[in-house]
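Given next are the chains, with one letter for each unit.
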Amino acid sequence: MAQLIADVQPGTVIWLLIALFIIAVIYRGVRIVPQSDKHVVERFGRLHAVLGPGINFIVPFLDVVKHKISILERQLPTASQDAITKDNVLVQVDTSVFYRIIEPEKTVYRIRDVDAAIATTVAGIVRAEIGKMDLDDVQANRARLISTIKASVEDAVDDWGIEVTRAEILDVNLDQATRNAMLQQLNAERARRAQVTEAEGQKRAVELQADAQLYSAEQIAKARRIQAEAEAYATEVVAKAIKENGIEAAQYQVALKQVEALNALGAGSGSQTIVVPASALEAFGDAFKMLKGNK
């Protein structure tokens, strides 16, 4: 072995050293960054550059890749915090926040624990926003509350190079006493609506009955009016006949009515005895005489 080392020429050693140096330079100077990452480069302890995805070149031995930051979207663990509404109701709110790092240099040099910082910020904003709303508004306007929380968190974390992509309120929990009170209120509201509906139904029934009675009265009055008009027309015809033909026309009408009455009386059901007065017979005779005379 010693003989082999002695046989190596000094020039060959130099070339080997140069080759090793070139390999080291290439290894230290070329950086391949994955699509989902960004690398923060420092030179002499200070921020020098941020390397994006792909092949990048740095100055070997001077530039150092100090931080490798993932730019994928992240989700904070679900957090629960207590809050008091405007109407003094204690609620427990479960929230979740999604974010991604868009400026790694700010995230690295301006905040130490970004997850804890965002969680604390979200908790404070949630308490502040819920404190401005009544419990009913929190339940009914959850979408607006989420939008407000997201906008407030974005403003708070803007200096950290972070983009909040989504904020969610997963649940709003109440203590048992508040739940019981709300249940009683709900039952009372349902009972009130049922009573109102029943009262409206009764009112409508009375209105319909009154309309029916009014319609019936109108129809009866209309029938009486038509009957009165018919009787008036008949009377007018009789009067005209009397005027033209004298008293005989009136006697004829009276006799005809008597005959019709006797016919109606005789058409009754069952066995019965009918006593016909003498005047009725005279009426028959007068009627036949008049009919004969008219012919």
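Parameters at a glance
- Residues numbered from 1 in each chain as written.
- Predicted model: local features only at pLDDT ≥ 70, side-chain atom pairs only at ≥ 80, totals over all residues.
- Heavy atoms only, no water.
- Helix = DSSP H or I, 4+ residues; strand = E, 2+ residues; numbered from the N terminus.
- Buried < 20%, exposed > 50% of the residue type's maximum accessible area, 1.4 Å probe, protein only.
- Contact = heavy atoms within 4.5 Å.
- Areas by Shrake-Rupley, 256 points an atom, 1.4 Å probe, with all protein chains shown as cover.
- Pairing = 2+ DSSP bridges.
- Axes fitted to C-alpha atoms, helices over the stretch in contact; angles between N-to-C directions.
- UniProt positions renumbered as here; feature names shortened; annotations may be inferred.
- Patch = residues over 30% accessible without salt bridge, like charges linked within 9 Å, V, L, I, M, F, W, Y side chains within 5 Å.
- Salt bridge = Lys/Arg side-chain N within 4 Å of Asp/Glu carboxyl O.
- Polar contact = N/O pair within 3.5 Å; in protein donor to acceptor, adjacent residues only side chain to side chain.

1. Focus on the overall build of the chain
Moving on, step 1. Looking only at helices and strands, the chain has 9 helices and 9 strands in total.
Moving on, step 2. Looking at the chain as a whole, 22% of its 295 residues are labelled buried.
Moving on, step 3. A sequence separation of at least 24 residues applies to 63% of the contacts in the chain between residues at least 6 apart.
Moving on, step 4. Total accessible area on the chain stands at roughly 20,800 Å², and carbon and sulfur atoms take up 57% of it.

2. Regarding the sheet that holds strand E2 (residues 37–43)
Moving on, step 1. The sheet built from 3 strands is open, its strands ordered E3-E2-E5 with antiparallel pairing. Of all the strands in the sheet, just strand E3 (46–51) and strand E5 (63–70) have a single pairing partner and so form its edges. Taken pair by pair, the neighbouring strands of this sheet meet at an average axis angle of 30°, ignoring direction.
Moving on, step 2. Bridging between E2 and E5 involves 7 bridges; their strand directions are antiparallel. Its bridge partner lying in E5, Asp37 is registered against Ser70.

3. Focus: the UniProt feature "transmembrane region" (unreviewed entry) in the chain
Moving on, step 1. Mapped onto the present numbering, the UniProt feature "transmembrane region" (unreviewed entry) falls on residues 12–30.
Moving on, step 2. Secondary structure over residues 12–30 splits into 95% helix and 5% strand, and the C-alpha atoms at its two ends are 27 Å apart.

4. Remarks on a nonpolar patch on the surface
Moving on, step 1. There is a patch of nonpolar side chains on the surface, built from Ile14, Trp15, Ile18, Phe21, Ile22, Ile26 and Phe61 and spanning about 780 Å² of accessible area.
Moving on, step 2. Along the chain, Ile26 turns up in helix H2 (residues 10–29).

5. What about the pattern of salt bridges?
Moving on, step 1. On inspection of all chains with the given rule, the structure shows 10 salt bridges.
Moving on, step 2. Across the pair Glu103 and Lys106 runs a salt bridge, and its minimum N-O distance is 3.3 Å.
Moving on, step 3. Overall, Glu103 belongs to the partly exposed group, its relative accessible area being 27%.

6. Regarding the side chain of Gln81
Moving on, step 1. By the secondary structure assignment, Gln81 is in strand E7 (residues 79–84).
Moving on, step 2. Of the residues examined, Gln81 reaches a relative accessible area of 5% and is grouped as buried.
Moving on, step 3. Reaching out from Gln81, the side chain makes a polar contact with the side chain of Thr95 at a distance of 3.3 Å.
Moving on, step 4. Among all residues touching Gln81, those that are not within four sequence positions of it are Val91, Gln92, Val93, Thr95, Ala123, Val126 and Arg127.

7. Quick look at the pairing of E2
Moving on, step 1. In terms of burial, E2 is largely enclosed, as 5 of its 7 residues are buried.
Moving on, step 2. Bridge count between E2 and E3: 5 bridges; the pairing is antiparallel. From the neighbouring strand, Glu42 faces E3, where its bridge partner is Leu47.
Moving on, step 3. Where E2 hands over to E3, the hairpin turn is made up of 2 residues, of which Phe44 adopts a positive phi near 55°.

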